[in-house]
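Chain by chain, the residues:
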Amino acid sequence: MVRTPLTPEERLRGERLGAMLRAARGDRSMAAVAASAGISAETLRKIETGRAPTPAFFTVAALAGALGLSMDEILGRCAPEPVAAPLIA
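About the thresholds
Residues numbered from 1 in each chain as written. Predicted model: local features only at pLDDT ≥ 70, side-chain atom pairs only at ≥ 80, totals over all residues. Heavy atoms only, no water. Helix = DSSP H or I, 4+ residues; strand = E, 2+ residues; numbered from the N terminus. Buried < 20%, exposed > 50% of the residue type's maximum accessible area, 1.4 Å probe, protein only. Contact = heavy atoms within 4.5 Å. Areas by Shrake-Rupley, 256 points an atom, 1.4 Å probe, with all protein chains shown as cover. Arc of directions from axis to C-beta. Salt bridge = Lys/Arg side-chain N within 4 Å of Asp/Glu carboxyl O.

Q: Even after reading the chapter, I still don't get the overall build of the protein chain, so can you show me in this structure?
A: Of regular secondary structure, the protein chain possesses five helices and zero strands. Shown N-terminal to C-terminal, the secondary structure of the protein chain runs as helices and strands in the order α-α-α-α-α. For the protein chain, the proportion of its 89 residues judged to be buried stands at 27%. Taking as baseline every contact in the protein chain between residues at least 6 positions apart, the subset at least 24 positions apart corresponds to 63%. Of the roughly 6100 Å² of accessible surface on the protein chain, 60% is carried by carbon and sulfur atoms.

Structural data, given as structure tokens:
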């Protein structure tokens, strides 16, 4: 199966998600947070480093729960910047 290449926006969103999860994890070990979320430490590592920039919804939800984050907070921090619509004169 050939994957469709990610857009620059998808890559940026993945980088934002990874940075936010790293910050929220703080000094807790990657293995402890991953175990709490029910995922592998390697999956968390890939998400945090941007190598898995589009994780499954349920993976993100599990990480949010393990880190005490709301899905709204994740969306607000990781969503693409709104693009201003051109003014029609």
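Q: Sorry if this is basic, but what is going on with helix α2 (residues 30-37) here?
A: Three or more residues of α2 are buried, namely Met30, Val33, Ala34 and Ala37. For α2, the buried positions fall inside an angular range of 100 degrees around the axis, keeping them on one side. Exposed positions of α2 whose direction lies more than 90 degrees from the buried face are Ala35 and Ser36. Elements in contact with the buried residues of α2: α1 (8-25), α3 (41-49) and α4 (57-67).

Q: Help me understand the pattern of salt bridges, please; the structure alone is not making it clear to me.
A: Scanning the model with the defined rule gives four salt bridges in all. As a salt-bridge pair, glutamate 42 and arginine 45 come within 2.8 Å of each other at their nearest N and O atoms. Here glutamate 42 pairs with arginine 45, and both are found in helix α3, just three residues apart, close to one helical turn.

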